[in-house]
Each structure stands twice: as structure tokens, then as C-alpha cells.
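# Coordinate analysis (summary)
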Amino acid sequence: MDSILSEYTTVDPTTVSVWFKACNVNDIPENGGACVKYKNKQIAVYHYKRKQTWYACQNLCPHKMEMVLSRGMLGDADGIAKVACPMHKKTFSLESGENLNGDLPAIAIYPIKIEDGFVYIGFSE
Amino acid sequence: MKTVIVVGNGMVGYKFCEKFRAHPANSAFKLIVFGEEPRPAYDRVHLSEYFGNQDAKALELAPASWYSDNNINLITNERVTDILNETQEVRTISGKSFSYDYLVLATGSAPFVPPIKGVEKEGVFVYRTIEDLEEMLSYAAQIKAIKPDGRAAILGGGLLGLEAGKAVLDMGLEPHVVEFAPKLMPRQLDTRSSNVLQLKLESMGIQIHLGKATNQILGESVIEGMDFGEDDQLDVDMLIISAGIRPRDELGKTCGLDMGTRGGIVVNNKMETSIPNIYAIGEVALYNQMIYGLVAPGYDMANVAANQILGNPEVLMPADIDMSTKLKLMGVDVASFGTPYMPAEKGLSIIYENKTKHLYKRINVSHDGKTLLGGILVGDANDYNILHQMYLNNMSLPENAEELIVGARGDGGSAFGSAIDLPDTAQICSCESISKGKICGSIKEGTCNSLKDVIGLTKATTGCGGCKPMVVDLVNETLKSMGKEVKDVICEHFEYTRQELYGIVKVKNIQTFDEALDKCGKGDGCEVCKPALASIFATIYNDTANKEDVIQDSNDRFLANIQRNGSYSVVPRIPGGEITPEKLIVIGEVAKEYNLYTKITGGQRIDLFGAELNDLPAIWKKLIDAGFESGHAYGKSLRTVKSCVGSTWCRYGMDESVSFAIELEDRYKGLRSPHKLKGGVSGCIRECAEARGKDFGVIAVDGGWNLYVCGNGGATPKHAILLAEQIDNETVIKYLDRFLMYYIRTAAPLMRTATWLDKLEGGIDQLKRIVIDDSLNLAEELEIEMQSLVDKYECEWKQAVECEEMKKRFSHFVNTEERDDNMVFVPMRDQKMPEPWTN
Ligand code: SRM
Ligand SMILES: Cc1cc2nc3c(=O)[nH]c(=O)nc-3n(C[C@H](O)[C@H](O)[C@H](O)COP(=O)(O)OP(=O)(O)OC[C@H]3O[C@@H](n4cnc5c(N)ncnc54)[C@H](O)[C@@H]3O)c2cc1C
Ligand code: SF4
Ligand code: FES
């Protein structure tokens, strides 16, 4: 179990070596999320329409190790962008990955950029 | 740098670490903690919760990372075996030595096991650690497997013993509490209150045996019974000993500390033992010649010892220690404070007893009638906090002291004001030693603005939690006194109640969530306000969940309930539970094609589990083509209207319950509400449809239908209450339209009808006035609103399968057709199930 968790580690924007062209911007629902596959990884991508901000994190919820975070609900806690897992509503900061309402391990966060209507996610491998 | 070694990582040892590291001068010290148990300190006071959830993590006082983050070297699973006082060293079971400058003994206590013949037999347990509970659980399961009506006894009818009684009941065994004294909880209760408590516990299925001395435990190698002498025996399959505690003072002996004659390490009011630089705290410490078996005095001791070592010699243990207790035993309040009972020459007692209601209240008042000396409350301890404070603060009593327990004459109100009238020094949270002044002060100074802030700052309520109602009152009253309004706002993004927000959305004709944020909210919203607004939009415009799917609760967004492994369930509507053989075959065929687990639900329909997100539209297309509709099993909306077969077939039936159930289910299907709604229709008072367990229930009687409202099953079952009698079909619908619409407009998010009625001022009488007599002049409006919602109904699954854009939502990946390879099923009884969770 822990082995899938260890496949996901936060990528610092300065160390990106591959910008993966993940999908069209329209594939991600406004104010919602969807999941993209990169090699054997599942990455959740979110779009905040009002602020025009985008986030990417692991799709794996560290609570019960299910691939569900992309189906979670977006929001903010004191201004920090967060997602609530659809299974048991554990919430995670999309900025730091930290579990905001418990002490689960932080989720991995990936750099994301939008160019010419496409979503790119940064990996360093 | 000096080293402090703490032996014992229990509740008090942990508190010592917390207090120590919170002190400004702490960084000059290294802290090493030894714990004999395999895990970091946990909340022993709430140990019994482990029987319910078996979640050891939930009991943790702090995670292992807390210790490292605070620069504490925690070594668990390692018992300290010797203290070498000359060289200031301790030695552990694995042979390692560590030197110290200060040593703190927080080794707690162990259950006292009386020397009864046969106590070593298999099936005899004590009740102190998580491991004890695990062993009991597995033993009880073994017994139940071979003997479903197995019995377990508890030796000791004190506080802990009765808690163990409840645990036995939860484990499914028949509980017997055996007490040597002639009454229960001998330390806290007088004989009469013990009798009241005994009656109540017996009515709940716990058998009580008082005045019994156990001679021996019967059985070969496994316990089979208890022998009380003179042919008096009790057959039992398991025994839990809860006969008091003995301090774990064995380390004191290894280095010659002064000990009490019956054990315990002697300490003074600085928590110093007889050897310099060695301290003892918690249940191992003998202070005032007493071992205090409670956590609050232990926490005080931890604070004193930390301050002594850190150079604040003025922090001392008080001479008088309050042993008041309040607890809920199996839902029964039991509390005692001060001197609970006493002979008449010491004071006068006022006693109120009502055996039919299992109530007993006693207060003891000084001869001059001016001060409260103590008391006992059984059955209703709502007034405990305030009485306890009056006692602790020596507050003056009202002229008629009896009003303290029987309420002021006439208005049934309380004789004393609220918590806000207490002196600032009153200690509100005794676990964390937080005074009223500190709580109110933090708000007045502007440091805190809410209950959450106060808890964050002071840690009040985080111990036993008993002070929570008072802290809530204090926070609310203080905010109010400063002119700040306190209300049940939805969340940080909307400063309104649901009912207010409903009004705003309607008046301003707000259509989308972002518009609501712009016009009356802030931030980006969250998982609380988004579904609440979705529900309000549905009530006003009756749009389906497809309109703005990203603000719907996850299950509504995908029009299906998510299951353990991320797959979904499919529940087609089967109104009233009536289904044709053709439709049954379609369900069977769909389930076979997509390999779905099928089960008859508790709501008279069929659930198909284990569908992958990508397959949902195709599955629903087939079902819809065969004439099915969404069952809204995922929504806060109407679920089912259960029926019994009724007068069409049943020889007792008074009316056609199936027809009426189908009519009602069809009328209210798709109706979104603050929580889910369920109905039932029974053909006669035998009530086979369990209609009175529903939010609305209709039962056929001579001359029409009886209509009941506001019932539910679930966690807190409530029978529905009679709203109207002997009415015809049209009137049932008219009243239901009004009732449901009024509930939907006014209830808080996730509040079911029963709780809503509880909170409705005037209760059922007021509801009757609104629904039947139209006292608010709203009836017509409510009926029109409901009719328009009914007229606008659309099956949201039909919408989804017919629209290519909406179908996009139902795909696990957006950049490939591949499926989620993390989703695993395993076989079970000819079908499949998700692979069980391991963490
Ligand atoms: C499938 C079913 C159990 C079964 O195998 O029979 C079931 C399954 C769930 N129930 Fe239930 N309940 C089912 C009948 C009941 C009943 C019996 C009844 O309806 O007559 C009750 C007690 C009656 C009542 O509600 O008053 C019931 C009381 C609950 C509750 C407690 C509600 C309460 O007010 O305390 C919850 C939790 C909640 O809704 O917050 C719950 C929640 C759930 C959830 C939705 C939990 C979840 O979020 O995953 C389960 C969803 C399973 C799924 O994917 O469909 N379920 N649940 C039953 C579906 C009935 C149907 O056809 O729609
Ligand atoms: C089921 C239950 C319910 C309770 N309910 C209440 C209640 O409602 N209210 C209340 O006030 N109190 C209650 N108590 C009592 C409360 O739990 C204790 O007062 C409190 O835990 C005492 O804390 P402590 O740290 O002194 O001892 P403990 O919590 O027992 O901790 C001592 C720790 O030291 C360890 N240890 C012992 N010797 C060594 C050694 N040589 N080396 C290393 N480690 C050692 C032990 O393994 C243990 O982990 C309850 C107790 C139980 C068991
Ligand atoms: S009682 Fe209901 S919610 Fe609980 S496990 Fe059973 S189906 Fe799930
Ligand atoms: S699986 Fe994500 S919160 Fe439980």
C-alpha cells in the first residue's frame, strides 16, 4: 500500500524536466477537477474559474488509498485553496499539500501551466 | 544542557511534556520519555470508545511526530527497570542506561486484582489498556460464535465497572455487575441514588448483584462461573475485573523512595519525592495520603512538576483536591460533587426523587442555608456544571435552595442565572485549568472571535469535554454583551443561516454559486456551503443536480453513491416497492452484463454495486430504456415511500396502501431537501411498512388515513408524531405539501425532520397550527410552490445520458479511455466486493 503513496512526491517548479501536455483546458470542469494519466501516475487537475488559477496534485487520497481526489470539491479555508475528498471529506491544501483537518501525510503537488489552451503538468524525472 | 527523564508515557506523562515544552525556559533541557506500551500516550478516559470504532489513532493525545517536532526523544515499548540514584541513571529492560539531572515518575497505576482463587483462569480480564480491550473483543467474539447468549460479569460496581458493563452490552453478551458493597458507585452515591441508578440500568438489560463477596472463580482452566459461598453461584463465560487500582510504584522500591503503607510514592506539594531531583506525578503519586484516580488532579501535578524543574517554585499543588465527577453511563447522567452525602449534623439535605422517571437529585446545604456543600444528580445532570461552580466558588444560595434542583416555581425555569454570572476565577475547564476570566477575557481583548478561536487558544474542552456547554454559553454571552450577533452561520464564506440565505437567493434571484459569492459571500466556497446552496437553488428553481454539478456533494455530482474502492452504486426508482417481472429481468440482465453486485435494500428496492464511473451512462441508458428512472439514492431528496401490500391482497387491509405509496413517491420524487426524506404507507395499524419510522407516514384506519410526521430510523430513532386523523387522500397530499415545503424552507443544512421539529418553537402543536389551521397564512403559497416543483420534475439521469457534454463527466481519465487500475474487486458468495481496506 505505502508503495503507491511513495510514487507521488511534490515537484518543485525549479526542478521540472518534463512539461507533460495533459489535456485541453476545456476537459477540466470550471470550479471542479478531473484526472489525467501520466505514465503510471494519476494526477488530479483543478481549475478555479474566478481567480483563473490551476492546481495539480496526486489523485490518491492518503486516507484510504483510493484514486478519488479529482472528484472532490474545491474551495478555500482562510484563503488557501483546498480540495475535500469525496469519500470522507478530508481536506488538503492545494498549495502545500497539507491535510487541513487531520494529520494524514501531505499529498504531492505538481507545477501546472496553461499555454495555447492546453494544460501542462511538470515532472522532474 | 540538563536532561529530564520521564518514566511513563500515559496521560499525565504526556501532559508533563506538553506543559514543559510550552514553557519559555524549556530549551535549556533535553527531554527523554520512556513508555512501556507500544504506542504513544492515548486518552484512557475515553478508552471505551475503542469498543465502538477500534480506532487507536483516534484516541492518541498527540501523534508520534509531535514528540520529534517538539524535540522530545520518545522511546516506546521500553520499560524502565531500575533507578540508580547514586549515579543518577535509569536502566531499561533491554539493558540500556541513561543519565538524568531530573527524573519524573509518571508510571500510573495498574488494575487491582483481588487474590481470589482461580483469577488466573482463561477468560478473566482487566480493563486499562488498548491491548486489554483487544483481547476482550476477540475473546467475546469467540464466545458469541459458540454461545450466542453468552454472559460476562464485571467485578466491581464503581465508575469503571459500570463503563465496562456497557462495553459488555455492546459486545453482545449479557452483562452482570457484581459489587461487594451494598450499593453501586459506593464512593460517589448514597443508597437512594444508587437504587435509582440500579433500576435504570436493569431496565436496560444490565443485571446488578450487590453485597456479593466472590470466593472463587469456577471452571477447569477456563472460567465457567463465580462462587459467592453458601451455594450462591453465577454462571459466566467471561469476567472483567474492575476492583480499583494499585499504583505502579515498583521503581520507587528499587531506589528506596518513601512509600505509603498501601503503596504509592509519597510526594509533597511540589511533587518532590524523598530523594532530591526525583518527582512523581499522576496515579503513582501519593499526595495528602491519597491516590487520586482521576485525570484532572494528575494534570495539575504535571504542571506543578514542570514549573518546579523550570524554576518557578511558587507553582504548588493546592491542599484541597476536587473529586467531583460527571459522566454519562449508557446514556444516563450521573454526577456527584463536593461532599456527596453526609450525616445530618454536618448539614441539611434537599432530595428530589422520581423513580418512574429514574431521576434523583440531592444537594447538601450548610446549617445556615448559605453554602452548598455538595450533591448527587442521577438521570439529569444538566445543572451539574453550574451547581459545581456554586460549590467551588462558595457562591451564595437563593432563598429557597430547593429551587436549585426542582426549578423556580411556576415557570419551570432555572433558579440561577447563566454561566456568565460566575466569578472570573471560576475554573470552567478543570482538565486544562482554564478560568472563566481567561475565556471571556480572550474575547473582550479581541484575541478570539469565536468558539473555535477560544478552543484553539486555551485548549478548553479538549480534555474530558464536560465543560463544553458552559464554554459555548460563555463565548456566546460575551460576544452578545459586546454587541456581536451569534448565529448558526453556514461557514466562513457565508455569514447567514440557511433560512436567511434562502431568502436572499430568492429575493435577489441568484442563479449560480459564483453569483452568490459575489452578492453575499466571500472566498471560493467550500464543501459545506456549496451543497447547501445547491439545495437552496433546487428548492427555489427545481433544477436538477446537472445544472451546476461542481457545487453538488460528490454523490450528487456523479448521480451515484461512491463506494469503498471508488466504484459506484446504481439504484433505480421502484415506487412503493412494486415491480413487474419484466423490469426485474432487465435489472438482472444489466447486472450480469456489467458484473454488478446486487442486493435488496432496506428501502424496498434493488441496489447494483460496483459500477465503474465510465460505465454509469451506459448502465443507466439501458435502465431508462426499460422505463426506470433515477432513484435519487445519492441525493438529499426523497428516497422511497415504503408500502405494505395493503387491502388489495391482505385480509386485514383497510385501504390500498401500495397505490397510495406509489402516488406519493411519484409526487415527491426528485424533491431536494435539507436532508433525505423517506415516507411509508401502511394498510392498517399492524404497520408492516414501518411508516412511523419515516419523515412522513400514512396509516389506513377506519374512516381515512392517519398522517404522522417527523420520524426516522438511523442513529437516533424517533417515531413520527400524529399530525392529523382520519383524513382522505387529497387532504393527506395537501397537508404533506404544506409540511414538506415549510420544512424545506426553514431547516438548517443536513437537519432531518425530527431534529427540525425538536427545534421548532411550539413543537407539534405549532406545526399543526401552521399546516392545518394555516395560522401563518402561508398555506396557499406553500402548496403553489410545491406544485411548481412537482411540475418541473425531470429525471436527471435521463438528462445526463441524452447529452454528450454531460456524459464527459463520467470518465475516470480525461486524456485516455483507460480505467482506474487501482480499483480492485475480490469474489464473495458468487458475486464480487471491493478489496477490503487495510488501513
Ligand atoms: C443501500 C442501503 C442499505 C441496504 O443495503 O439496505 C443504505 C445504504 C446507505 N445508507 Fe442508509 N441505506 C439504506 C436504507 C436505510 C434505512 C432503511 C429505510 O430507508 O427504511 C435507514 C433508516 C431509516 C431512516 O433513514 O430514517 C437508513 C439510514 C441511513 C442513515 C442515517 C440517517 C439518520 O437520519 O440518522 C445514513 C447517514 C446519512 O444519511 O447521513 C445512511 C446513509 C447511507 C449511505 C448513503 C452511506 C453513504 O454515504 O455511502 C449508504 C449508501 C449505499 C449506496 O451506495 O447506495 N443511511 N438507511 C439502503 C438503501 C435504501 C434505498 O433503497 O434507498
Ligand atoms: C476505562 C477507564 C476510564 C476512565 N475514566 C475516567 C474518567 O471518566 N475521568 C477521569 O478523571 N479519569 C478516568 N480514568 C482514569 C484516568 O485514565 C487516569 O487517571 C489517568 O490515565 C492517569 O494517568 P497516568 O499518566 O498517571 O497513568 P497512565 O495513563 O496509566 O500512564 C502510565 C503509563 O506509564 C507506563 N509505565 C508504567 N511503568 C513503567 C515503566 N517502568 N517504564 C516505562 N513505562 C511505564 C504505563 O504502561 C502507562 O502507559 C479512567 C481510566 C480507565 C482505565
Ligand atoms: S448501516 Fe447504512 S451507512 Fe452503515 S454500513 Fe450499513 S449501509 Fe452503510
Ligand atoms: S479516502 Fe479520502 S477522506 Fe477517506
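Conventions we followed
- Throughout, residues of each chain are indexed from 1 in the direction in which the sequence is written.
- Chains and ligands are labelled sequentially in the order written, the chains with letters from A and the ligands with numbers from 1.
- Given that the model is predicted, a residue must reach a pLDDT of at least 70 before its local features are reported, and side-chain atom pairs must reach 80 or more before they are shown or counted; all residues, however, enter totals for whole chains, interfaces and linings.
- For the side-chain quantities, the full set of heavy atoms in the structure was used; hydrogens and water were omitted.
- Whether two residues are in contact is decided by their heavy atoms, any of which lying within 4.5 Å being enough.
- Here's the idea: put two parts together, see how much 1.4 Å probe accessible area each one loses, and the total over both is what we call buried area.
- The salt bridge definition used is simple: a Lys or Arg side-chain nitrogen within 4 Å of an Asp or Glu carboxyl oxygen.
- Each residue is placed in one exposure class: buried if its accessible area under a 1.4 Å probe, protein chains only, is under 20% of its type's maximum, exposed if it is over 50%, and partly exposed if it falls in between.
- Where helices and strands are cited, they refer to DSSP runs of H or I of at least four residues and of E of at least two residues respectively, numbered from the N terminus.
- Of all possible arcs, the one meant is that of the directions from the helix axis to the C-beta atoms.
- Ring geometry is summarised as follows: Phe, Tyr and Trp rings, the Trp one being its six-membered ring, pair when their centres sit within 6.5 Å, and such pairs are stacked at plane angles under 30 degrees, edge-to-face over 60 and tilted between the two.
- In this text, near means that some heavy atom of the residue lies within 4 Å of the molecule or strand in question.
- Whenever two N or O atoms come within 3.5 Å, that pair is a polar contact, provided that in protein one can donate a hydrogen and the other can accept it, and provided that, for residues adjacent in sequence, both atoms are side-chain atoms.
- Amino acid classes used here: Ala, Val, Leu, Ile, Met, Phe, Trp, Tyr, Cys and Pro are nonpolar; Asp, Glu, Lys and Arg are charged; the rest, including Gly, are polar.
- On a scale of 0 to 100, pLDDT captures the predictor's confidence in every residue.
- Note that accessible areas follow from Shrake-Rupley with a 1.4 Å probe, and for residues the cover is restricted to the protein chains shown.
- Domain start and stop positions are those given by an automatic or database domain assignment.
- Here a strand pair is declared whenever DSSP counts at least two bridges between the two strands.
- As a rule, the C-alpha atoms of each element are fitted with a line to give its axis, helices using only the stretch in contact, and angles between N-to-C directions run from 0 to 180 degrees.

### Observations concerning the interface of chain A and chain B
- Facing the 47 residues of chain A at the interface are 40 residues of chain B.
- Carbon and sulfur atoms supply 46% of the area that chain A and chain B bury against each other, a total of about 3,500 Å² over both sides.
- Three residues, Arg50(A), Arg71(A) and Met73(A), lead the burial of chain A against chain B; their summed loss comes to 24% of the area buried on that side.
- Here chain A and chain B share 8 salt bridges between them.

### Looking at helix H15 (residues 498–507) of chain B
Residue and element names in this part refer to chain B.
- Residues Arg-498, Leu-501, Tyr-502, Ile-504 and Val-505 constitute the buried set of H15. Take H15 and look down its axis: the buried residues cluster within an arc of 165 degrees, on one side only.
- On its buried side, H15 packs onto helix H16 (513–520), helix H17 (529–541), helix H22 (729–746) and helix H25 (779–791).
- Of the residues flanking the end of H15, it is Asn-509, one or two places downstream, whose phi is positive at about 50 degrees.

### What about the packing of aromatic side chains?
All names here are of chain B.
- Counted under the stated rule, the structure contains 27 aromatic pairs over all chains.
- Centroid distance Phe-558 to Phe-810: 6.3 Å. Interplanar angle 75 degrees. Geometry classified as edge-to-face. Here the residue Phe-558 occupies a position in the loop between helix H18 (554–557) and strand E28 (568–570), and Phe-810 occupies one in the loop between helix H27 (804–807) and strand E36 (825–828), the gap between them amounting to 252 residues. Phe-810 shares its class with Phe-558; the two are buried.
- Between the aromatic rings of Tyr-668 and Phe-696, the centroid separation amounts to 6.1 Å while the plane-to-plane angle is 70 degrees, which identifies the pairing as edge-to-face. A residue pair is termed long-range when its members are at least 10 positions apart, and Tyr-668 in helix H21 (residues 657–668) and Phe-696 in strand E33 (residues 696–701) qualify at 28 residues.
- Classification of Tyr-668 as buried rests on a relative accessible area of 1%.

### Observations regarding the site of ligand 1
Residues and elements named next belong to chain B.
- Around ligand 1 lies a shell of 20 residues, among which Gln-563, Thr-601, Gly-602, Lys-676 and Gly-713 are the nearest.
- Take Lys-694: an N or O atom from its side chain is 3.0 Å from an oxygen atom of ligand 1.
- Measuring from an oxygen atom of ligand 1, one finds a side-chain N or O atom of Arg-752 at 2.7 Å.
- For the shell around ligand 1, the per-class residue count stands at 2 nonpolar, 10 polar and 8 charged.

### Brief notes about the confidence of the model for chain B
Residues and elements named next belong to chain B.
- Model confidence for chain B is summarised by a mean pLDDT of 90, while 98% of its residues fall at 70 or above.
- pLDDT under 50 marks residues 408–416. Its contacts with residues more than four places away, or in other chains, come to 12 contacts.
- Interface confidence for the predicted complex, expressed as ipTM, amounts to 0.71; the pTM equals 0.55.

### Some words on the site of ligand 2
Residue and element names in this part refer to chain B.
- In the neighbourhood of ligand 2, 29 residues make up the surrounding shell, with Val-12, Glu-37, Arg-128, Glu-283 and Val-295 lying closest.
- One of the side-chain nitrogen or oxygen atoms of Glu-37 is found 2.6 Å away from an oxygen atom of ligand 2.
- Contact distances for ligand 2 include 2.5 Å between an oxygen atom and a side-chain N or O atom of Arg-128.
- Protein contacts shield 93% of the accessible area of ligand 2, which totals 1,000 Å² for the unbound molecule.
- The element that contributes the greatest number of residues to the shell around ligand 2 is helix H1 (residues 11–22), accounting for 3 residues.
- Per-class residue counts for the shell around ligand 2 are 12 nonpolar, 9 polar and 8 charged.
- In terms of domain composition, the shell around ligand 2 takes at least three residues from each of domain 1 (2–110 + 247–309) and domain 2 (124–243).

### Digging into the sheet that holds strand E8 (residues 80–84) of chain A
All names here are of chain A.
- An order of E7-E8-E9 is seen for the 3 strands of this open sheet, with the pairing classed as antiparallel. Each end of this open sheet is capped by a strand with a single partner; those strands are strand E7 (73–77) and strand E9 (91–93). Neighbour to neighbour, the strand axes of the sheet diverge by 35 degrees on average, direction disregarded.
- Bridge count between E8 and E9: 3 bridges; the pairing is antiparallel. Each bridged residue has a counterpart across the sheet, and for Lys-82 the counterpart in E9 is Ser-93.

### A look at the pairing of strand E29 (residues 597–600) of chain B
Residue and element names in this part refer to chain B.
- Pairing analysis gives 4 bridges linking E29 to strand E30 (residues 606–611), with the strands arranged antiparallel. Paired with Ile-600 across the two strands is Ile-606, which belongs to E30.
- Between the end of E29 and the start of E30, which pair antiparallel, lie 5 residues, with Gln-604 showing a positive phi angle near 60 degrees.

### What about the side chain of Asn706(B)?
All names here are of chain B.
- Position of Asn-706 among the secondary structure elements: in strand E34 (residues 704–709).
- Look at Asn-706 and you get buried, because its relative accessible area is 9%.
- Residues within four places of Asn-706 in sequence aside, it is in contact with Gly-697, Val-698, Ile-699, Val-701, Leu-722, Ala-724, Glu-725 and Gln-726.

### Points about the sheet that holds strand E13 (residues 216–218) of chain B
Residues and elements named next belong to chain B.
- The sheet built from 3 strands is open, its strands ordered E13-E14-E15 with antiparallel pairing. Each having just a single partner strand, E13 and strand E15 (233–235) make up the two edges of the open sheet. Neighbouring strand axes in the sheet, compared pairwise and without regard to direction, differ in orientation by 20 degrees on average.
- The sheet contact formed by E13 and strand E14 (residues 225–227) spans 3 bridges and is antiparallel. Pairing of Leu-218 across the sheet is with Gly-225, part of E14.

### With respect to the side chain of Arg745(B)
Residue and element names in this part refer to chain B.
- Here Arg-745 shows up in helix H22.
- The class for Arg-745 is buried, based on a relative accessible area of 11%.
- Among the polar contacts listed, one links the side chain of Arg-745 to the side chain of Glu-785, at a separation of 2.7 Å.
- Beyond its immediate stretch of four places on either side in the chain, Arg-745 contacts Arg-498, Gln-499, Tyr-502, Lys-506, Leu-778, Glu-781, Leu-782 and Glu-785.

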